[in-house]
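What follows is the residue order along each chain.
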Amino acid sequence: MVRLVAAGIGLLVTVAAIGFGVVWFSPAAQDALMRRVVAANVGGNVDVLDEDALHVVLCGTGSPMPDPERAQSCAIVYAGGKVFMIDSGLGGWDRLARFQLPVGGLTGILLTHFHSDHISGIPDIALNSWAAGRRDALALYGPPGVETVAKGFDLAYSLDDGYRIAHHGPEFFSEEGAAYLPIVVDVPSRDSSVTVYDEGGVKVTAFRVSHEPVDPAYGYRIDYKGRSVVFSGDTKKDGNVARFGKDVDVLIHEALADHMVHMLEEGLELRGDRRAKVMHDIPDYHATPVQAAEIANEAGAKLLVYTHIVPRLPNAIAERVFLRGVSDVRSDGVTLGYDGLYLELPADSEKIVEHDLR
Ligand SMILES: [Zn+2]
Ligand SMILES: [Zn+2]
């Protein structure tokens, strides 16, 4: 029996070696393999277009700190044929492409504020949604100042836009699609929200959060067919997230583990690295994982998902340190977000179906 198994394994190894040899030396075999790989990678994840659910995908759960596992702030919501991104940091487009998510029908980008890690990916999204079929100007919603961001990107990329249109033709890249359409969302008072968008059953509202000296900074809520998601944006612990996130299905909340960032500060200080000052300063305008859990409880959110994870969590032990104390506050309904987390919320139901697109 042992001899038979050994012979079987030997045969498999021989076949694999011959197969590898054929591909290695034969251009025709290489091309056939390449075509198969391409075919498997140019499909589209069309499940998110099903109009009987609210679909939420995280395409960036990191921060300005370098992190090979996490792109900067990026989320995308599909509902009733509308497509909204919430912030667009560096690397977000890479994730959307990797997960084969459709962007040609992008309705607009909802910007929470204008820190670099929330806007630096906009040009990539603009170009690739344009290539995927967006014909009109890309709508950028945000606090006052969004006109400056739009004007800046417009100017910086005007030469590139010209090259693209000249090379591929205006039939493919429409002139209008090269432009941005900044839409200033009126600054709500602290105790009210404003309607940003209300069409086809999709309602987007904005509310104030606390990220001083960045002010105003917004959180957003999206409601569709009885399902809802709230994005805290960047904020320290703010009761407004609970107030406007009342009974929300999914709360996507930023989190910075101050106990870990203090260790980074100490380490940098010991080396005489001036960036210790940055580590010292940042905890005061972000929320800790425990504080975000308290807000989720106050809101009555069904599921809390952490995003904008600071610092980088390279392994399970770091994740455990990050989440220290959370289970004492909230034992259930907590997920550490990751790039590729896809939450499907079927219409008029209580279900939250979690998919991993990685
Ligand atoms: Zn920020
Ligand atoms: Zn940020």
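Before any of the text, the structure's been laid out above.
Predicted model only: the values in this text are computed from it and were never measured. (Residues numbered from 1 in each chain as written. Chains lettered and ligands numbered in written order. Predicted model: local features only at pLDDT ≥ 70, side-chain atom pairs only at ≥ 80, totals over all residues. Heavy atoms only, no water.)

(A) Molecular detail of the pattern of salt bridges. With the rule as written, the count across this model stands at 18 salt bridges. The residue Arg-227 makes a salt bridge to Asp-249 at a minimum N-O spacing of 3.1 Å. Taken together, the residues Arg-227 in strand 10 (residues 227-231) and Asp-249 in the loop between helix 8 (239-244) and strand 11 (250-256) connect sequence positions 22 residues apart. Overall, the relative accessible area of 3% leaves Asp-249 in the buried class. Among the salt bridges present, the one from Lys-237 reaches Glu-294, with a minimum N-O distance of 2.7 Å. Pair noted here: Lys-237 is in the loop between strand 10 and helix 8 and Glu-294 is in helix 11 (residues 289-299), with a separation of 57 residues, a long-range link. You can call Glu-294 partly exposed: its relative accessible area is 31%. Via salt bridges that share partners, Asp-94, Arg-95, Arg-98 and Asp-339 belong to a single interconnected network. (Salt bridge = Lys/Arg side-chain N within 4 Å of Asp/Glu carboxyl O. Helix = DSSP H or I, 4+ residues; strand = E, 2+ residues; numbered from the N terminus. Buried < 20%, exposed > 50% of the residue type's maximum accessible area, 1.4 Å probe, protein only.)

(B) Inspection of the state of the cysteines at higher detail. According to the stated counting rule, one finds one disulfide in the structure shown. The partner cysteine of Cys-59 in its disulfide is Cys-74, sulfur to sulfur 2.0 Å. The S-S bond linking Cys-59 to Cys-74 shows a torsion near -80°; that makes this disulfide left-handed. Of the two residues, Cys-59 sits in strand 1 (residues 53-60) while Cys-74 sits in strand 2 (residues 74-79), which places them 15 residues apart along the sequence. Just as Cys-59 is buried, Cys-74 falls in that class too. (Disulfide = S-S within 2.5 Å.)

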